[in-house]
Amino acid sequence: MTKGARLRLVLRDVASGCAFASMAVSGQLPLWTLGLYGVALVAALAGKRLFARRAKLTALLLLGVAAVLAVNVTSGALNLVVAACAFAGLISAHRLLSAPDAATDGQVHLSGLLMVAGGAALSGELVYGLFLVAFGVLASVAMALGVVEAAVPEGEPVPVRAVLRPLATGVTFAVAGAMAFFILFPRLNWNMTGPRAAPGLGPATTGFSNTVRLGGAGTIKDNPRIVLRATLSPDPGVDALNSYWVGRTYDIFDGLEWTNAGGVRREREPLLTLRPGGDNLIHQRVELLPAYGGRTLIALETPSRLGNAVANGSTGSRRTFLQELAGGEARFLEAGLSYAYEAYSLPPGGSGDTFRRLPSVEQDALLALPEALDPRVSQTAARVLNGEREPLAAAQKLAAWLQREHAYTLELSGEREDPLADFLFERKAGHCEHFATALTLMLRTQGIRARLATGFFGGERVNEGYILRAGDAHAWTHVLVPERGFVTVDATPPAHRTSQGSRLLQRLLGLYEALESRWRNSVVDYSFRDQVDVARALVRPPKGSENTERSRLPPPRAWGAALLAGMVVYAAWRLVTRLAGRPRPHEATRFVDLVEAILLPARLFRAEGETLEDLDARLAREGHPLAPALAPVTRRYLEARFGGRPLRQGEAEQLIRALQRAVTAHVRLEAQRARAAASEPRARAS
Amino acid sequence: MNQPARVLSTAAPSPATARTAMERIAAELGRAVQGKEAQARLVATCLVAGGHLLLEDVPGVGKTTLAEALARACGLSFARVQFTADLMPADILGAQIFHAQTATFQFRPGPLFRQLVLADELNRAPPRTQSALLEAMAQGQVSLDGSTHALPSPFTVVATQNPVDFSGTYPLPDSQLDRFMLRLSLGHPAPDVEAKLLATRGRAPPLDAVQTVSSPEEVDTLRTLAAELRLDGTVADYVVRLARATREHGDIERGASTRAVLALGAAARTQALWEARDFVTPGDVRAVLVPCWAHRVLLRSAVQGVAARDEAAHLLEELTRKVPAPR
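What you see is a predicted model; the values in this text were computed from it and never measured. (Residues numbered from 1 in each chain as written. Chains lettered and ligands numbered in written order. Predicted model: local features only at pLDDT ≥ 70, side-chain atom pairs only at ≥ 80, totals over all residues.)

Enquirer: Talk me through the overall build of chain B; I want residue IDs and the actual numbers.
Expert: If you tally the helices and strands in chain B, you get 12 helices and 11 strands. Within the span of chain B, comprising 327 residues, buried residues form 45% of the whole. (Helix = DSSP H or I, 4+ residues; strand = E, 2+ residues; numbered from the N terminus. Buried ≥ 20, exposed ≤ 12 C-beta atoms within 10 Å, placed from the backbone.)

Below, the structure is given as structure tokens:
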């Protein structure tokens, strides 16, 4: 095999691998298909075409695989789209291991196309996009090399270097063209076909459930994925905001789990007012990213108004209503992959809620204790407080004690019967939920009203706004202070309140998330509406431009866009007319191309400027053994081409077959002669 | 000595019969000038294509013999005019003679009124006489004192020139050269042919061996047939592209004229008859390209005579490799 052919096969196989990877990144393919495909790809790259001799027999294996997948689908273990994708991957694997001829190449590329289509249905994420581009480039280059290889006479080297440059230009043009097509061509959204994977790096990690359960390891703390971006006004301008971002609160603890009294409070509101606000509210424009994964709105403590919410789904963005649930939780009514909304929060210092205005169920819950509460909790609280009755001072005293006496840890294994007692008296170590629960309950044993709040703590400055990471998820305590409302007291040691991930990883993840959101906004969620916006942006002045002067004339941008469009249309028209004006190759010309291809094995080439007519005359002069076979072919070609007597139906095939036979016989004879000539001296030598 | 011509029927010959006729003529020419088969074929081509022939060669290689043999083989009336410095137009065209009895002028045709005229050493005559001949060649008629006299048909001029010795000559202007369809040079015969000549020439003049195998009528029929051969649009385009290539070539001062294009087409049509084809291929065009155009292109270099023709031929052959033929 020549160097060019080997390069082509490697490119082809890697392209197929990329296509498969574009499906695999969705994480939905069954593990065994990944294994099978991986083995096939490695074998193919090592040049081991295991199925080369038994293509038909081994195709039975595919039948078996199809049966397994079908059983999985009917039993409901596998989605039909996923199964189809897996099957396409295994077909490709089978073709990779078959004998590498032109048909197989075509099938590998075709299955590659199927796989990227499947990948689009399964995930369509940024990583998918990367693999898609890699597949497109590699497969194009491999196919082009195949074409060049077919045109080069047997035994001659393929001019890989000379070919790669125009190829690269061509591929660049193709990619640019595809992008232009993507941006401008009216599009249909077909994202709803398959089960879509969670966006980004696998499933979302946070999210709010209706309960908080103590116990288990808190793996979340080292997760650096960004879940929220917010711009604040007035802008605090600090690098680390170190603020509490509340999601919801809990008031009933049963010894294991925190829940809420009461259910849905308001069903469907465009704007939620949780509590009245003054003049000095902090405005936040918040974006919840796909890694967040929940439907609960987050706002700086203490939220006053929430609204103007937009849910971004796979089918576009739309406004969504809000719902108010127990525990002061605001939820989006419609699910989306990411959300945007605005919030107004009270400045830190207290929620302003008064006990009397709370719903009665909540009033009762704020002092409720689990039935099986360890008596030591109450005793310890009383001992630590030592007569302190003022709620805030008491809470701070208890928090200081908790921080002093207890260690922060995420390594908590196993379920405990009484996690609170276990934290306070046995292990003396836990994470934020343990600290917050302990503080809340210890306060309640002393008759001080308190509740658990969950959300995020922190706020890292990025550009003009702040971000929160999944690892910033946090729990703390709200103490009800007369005249001030609920005041935040955090029992968790300050060093462990924000996320604990490594700095470098955070930075890398930040980069990825930024790219990913850009990909999502400008590719996956790019809709017809966005197209209209692009077109509009071409003709209208940008928003907020200084020039407000009204004129009846279209703005310069419109002229520019029209000029550009005109130039593009003109260039396209030139190209089309040139292509259309180019005479179609005569039937006889195609025939003569075929004839010349047949003559190649006999090492008969046209010299520079020579035609088949000249070649025929030359062979006749030289008395070449193929001259008699070529003469009738040449004569018919000339008649068909220049004499106005076209080839009859099937005549070309007949002439070609006859010539082919003559050439084959001639080549065989030559080879025999060459062998005889080669063996003769050896015979003499022995 | 002339035998009755075995004349083809004049009713629409096929390309195959035309080839036979042309081969017969060429074979007779080959008897007179031995070892020059290619040139003999080109001479026949020129006759059938209806063009005039320019033979450029040193003296004594059989130019005159070839012309005479052509006349004899085709049964054409023949005149040989030796062009000299004092030859006047009236000497070849003819003159009005006063008849005393009838008191009228009567036209007495000159030697030009023959079917085949050999203009020997054309470049020795003064330009006036040259142009009188060339005008007659172009028009096919002679105008004298207000009356027009048609030349016989077929009418062919074979002119000879010595390309080496230019002293006392009036070299033909390029516009005049353009009127000759083909230009040939015979060259010295091969040594064995020359030796055979030496042995046999003494016995019988070579022309005696030439028999009349055709007739003026047949030549006319062949001409009609050749003129009607199919010239595909792509081949015509090829001819035009070749002409343009000569006009754009850096080493060529003046390229092929439109008359040259037409002449090449006519010559290529006749060339196709040699293959018994009723259509023209690019190969036919290339086969007659050099004899048809080498004398028509004016080179930038200062070479003259034989060297100029060789260089022109070389350039034209280079062009056939560069200008892609239709496929």
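Enquirer: With reference to specific residues and values, describe the overall build of chain A.
Expert: If you tally the helices and strands in chain A, you get 19 helices and 20 strands. Relative to its 686 residues, chain A shows a buried fraction of 38%. For chain A, long-range pairs separated by at least 24 residues make up 76% of all intrachain contacts whose partners lie at least 6 apart in sequence. (Contact = placed C-beta atoms within 7 Å.)

Enquirer: I'd like a description of the environment of A:Val592, backed by residues and values.
Expert: In this structure, A:Val592 sits in helix α16 (residues 587–599). Sequence separation between A:Val592 and A:Val633 is 41 residues, and the spatial gap between their C-alpha atoms is 9.0 Å. Beyond its immediate stretch of four places on either side in the chain, A:Val592 contacts A:Leu612, A:Tyr637 and B:Arg327.

Enquirer: Explain the interface of chain A and chain B to me, using residue names and the numbers behind them.
Expert: Facing the 12 residues of chain A at the interface are 15 residues of chain B. The set of elements that each furnish at least two residues to the side of chain A that touches chain B consists of α16, α17 (612–622) and α18 (627–642) of chain A. Counting residues per element, the side of chain A that touches chain B draws most heavily on α17(A), which supplies 3 residues.

Enquirer: I'd love a proper account of the sheet that holds strand β2 (residues 78–82) of chain B, names of residues and values included.
Expert: Residues and elements named next belong to chain B. In space, the 5 strands of this open sheet follow the order β2-β5-β8-β1-β9, with parallel pairing throughout. Every other strand in the sheet has two partners, leaving β2 and β9 (182–184) as the edge strands with one partner each. Across this sheet, the average inter-strand angle for adjacent strands is 15°, counted without regard to direction. Summarising the sheet, β2 and strand β5 (residues 116–120) pair through 5 bridges and their orientation is parallel. Paired with arginine 80 across the two strands is leucine 118, which belongs to β5. The strands that helix α2 (residues 37–49) touches are β1 (53–56), β8 (156–161) and β9; relative to β9, the one it contacts most, it runs at about 155°. (Pairing = 2+ DSSP bridges. Axes fitted to C-alpha atoms, helices over the stretch in contact; angles between N-to-C directions.)

Enquirer: Quick one: what's the story with helix α15 (residues 556–581) of chain A, residue by residue and with numbers?
Expert: Over its 26 residues, α15(A) extends 37 Å from the first C-alpha to the last, a length consistent with the 38 Å expected when each residue adds 1.5 Å. With 0 of 26 residues buried, α15(A) lies mostly on the surface of the structure. (Expected span 1.5 Å × (residues − 1).)

Enquirer: Got a sec to walk through the packing of helix α4 (residues 80–96) of chain A against helix α5 (residues 102–122) of chain A? Specific residues and values, please.
Expert: How two helices pack is summed up by the angle between their axes together with the distance between the axes. Residue and element names in this part refer to chain A. Running from amino to carboxyl end, α4 crosses α5 at an angle of 155°, the nearest separation of the two axes being 9 Å. Judged on the interaxial angle alone, α5 and α4 are roughly antiparallel. The way α4 lies across α5 gives a crossing that is left-handed. Packed against α4, whose contacting residues are Val81, Val82, Ala84, Cys85, Ala88, Gly89, Ile91, Ser92, Arg95 and Leu96, the element α5 presents Thr104, Gln107, Val108, Ser111, Gly112, Leu114, Met115, Gly118, Ala121 and Leu122 at the interface. By residue class, the composition of the contact of α4 with α5 is 12 nonpolar, 7 polar and 1 charged. (Parallel < 35°, antiparallel > 145°, perpendicular 65-115°, else oblique. Left-handed = near helix turned anticlockwise from the far one by under 90°. Nonpolar A, V, L, I, M, F, W, Y, C, P; charged D, E, K, R; others polar.)

Enquirer: Lay out the nonpolar core with the relevant residues and their values.
Expert: Soluble, globular proteins show a tendency: their nonpolar side chains are buried together. Membership of the largest hydrophobic core comes to 112 residues, with the highest contact counts inside it found for B:Leu29, B:Val43, B:Leu70, B:Leu264 and B:Ala267. Beyond its immediate stretch of four places on either side in the chain, B:Val43 contacts B:Leu29, B:Leu53, B:Leu66 and B:Leu70. The next biggest cluster of nonpolar side chains, apart from the first, holds 75 residues, and it includes A:Leu241, A:Leu274, A:Val377 and A:Leu398. (Core = buried A, V, L, I, M, F, W, Y, C linked by C-beta atoms within 7 Å.)

Enquirer: An account of the sheet that holds strand β1 (residues 212–213) of chain A is requested, with residue identities and associated values reported.
Expert: Two pairing modes exist for strands in a sheet, parallel and antiparallel, and in both the strands are linked by backbone hydrogen bonds. Residues and elements named next belong to chain A. Strand order in the open sheet made by the 3 strands is β1-β5-β4, with antiparallel pairing throughout. Of all strands in the sheet, those bounded by a partner on one side alone are β1 and β4 (252–253). As paired elements, β1 and strand β5 (residues 257–259) share 2 bridges and run antiparallel to each other. Bridge pairing links arginine 213 to glutamate 257 in β5.

Enquirer: Mind laying out α5(A), listing which residues take part and the relevant values?
Expert: The terminal C-alpha atoms of α5(A), which comprises 21 residues, lie 30 Å apart, in line with the 30 Å expected from a rise of 1.5 Å per residue. Check the buried side of α5(A) and you find it contacts α1 (3–24), α4 and α6 (126–151) of chain A.

Enquirer: Explain the packing of α6(A) against helix α7 (residues 160–184) of chain A to me, using residue names and the numbers behind them.
Expert: All names here are of chain A. One way to put it is that α6 packs onto α7 with a least axis distance of 10 Å and a crossing angle of 135°. Classified by the interaxial angle, the pair formed by α6 and α7 is oblique. Of the two possible hands of crossing, α6 and α7 adopt the one that is right-handed. Contacts between α6 and α7 involve Gly136, Val137, Ser140, Val141, Ala144, Leu145 and Val148 from the first element and Val163, Leu167, Val171, Ala174 and Val175 from the second. Along the lines of polarity and charge, the residues of the contact of α6 with α7 split into 10 nonpolar, 2 polar and no charged.

Enquirer: How would you sum up the confidence of the model for chain B? Please name residues and give values.
Expert: Residue and element names in this part refer to chain B. For chain B, per-residue confidence averages 86 on the pLDDT scale, and residues scoring 70 or more make up 95% of the total. The least confident element of chain B, judged by mean pLDDT, is helix α6 (residues 174–177) at 80; the most confident is helix α10 (residues 258–274) at 93. Here residues 1–10 scores under 50 on pLDDT; set against residues more than four positions off or in separate chains, the count is 21 contacts. Here the complex is predicted with pTM 0.49, and the ipTM for its interfaces comes to 0.84. (pLDDT = per-residue confidence, 0-100.)

Enquirer: Tell me about the pairing of strand β18 (residues 465–469) of chain A, and name the residues and values.
Expert: All names here are of chain A. Among the 5 residues of β18, 4 are classified as buried, and the element is accordingly described as predominantly covered. Sheet analysis places strand β2 (residues 226–233) next to β18, joined by 4 bridges and oriented antiparallel. Note that in β18 the partner of arginine 229 across the bridge is isoleucine 467. Examined bridge by bridge, strand β17 (residues 450–462) and β18 share 3 bridges and lie antiparallel to one another. From the neighbouring strand, glutamate 460 faces β18, where its bridge partner is isoleucine 467.

Enquirer: Lay out unusual backbone geometry with the relevant residues and their values.
Expert: Residue A:Ser233 is joined to A:Pro234 through a cis peptide bond whose omega torsion reads 0°. Counting through the fold element by element, A:Pro234 comes out in the loop between β2 and β3 (240–250). The omega torsion across B:Ser153 and B:Pro154 is -10°, close enough to zero to call that bond cis. A positive phi is found at A:Asn386, a non-glycine position, where the angle reads about 50°. Residue position: A:Asn386 is located in the loop between α9 (375–385) and α10 (391–405). A tally of 8 C-beta atoms within 10 Å means that A:Asn386 is categorised as exposed. Phi is positive for B:Ala276, which is not a glycine, with a value near 55°. The exposure class of B:Ala276 is partly exposed, given the 14 C-beta atoms found within 10 Å.

Enquirer: Explain the environment of A:Leu604 to me, using residue names and the numbers behind them.
Expert: Residues and elements named next belong to chain A. Topologically, leucine 604 is positioned in the loop between α16 and α17. Sequence-wise, leucine 604 and leucine 619 are 15 residues apart; in three dimensions their C-alpha atoms are separated by 9.4 Å. Excluding residues that lie within four positions of it along the chain, leucine 604 makes contacts with Leu599, Leu615 and Leu626.

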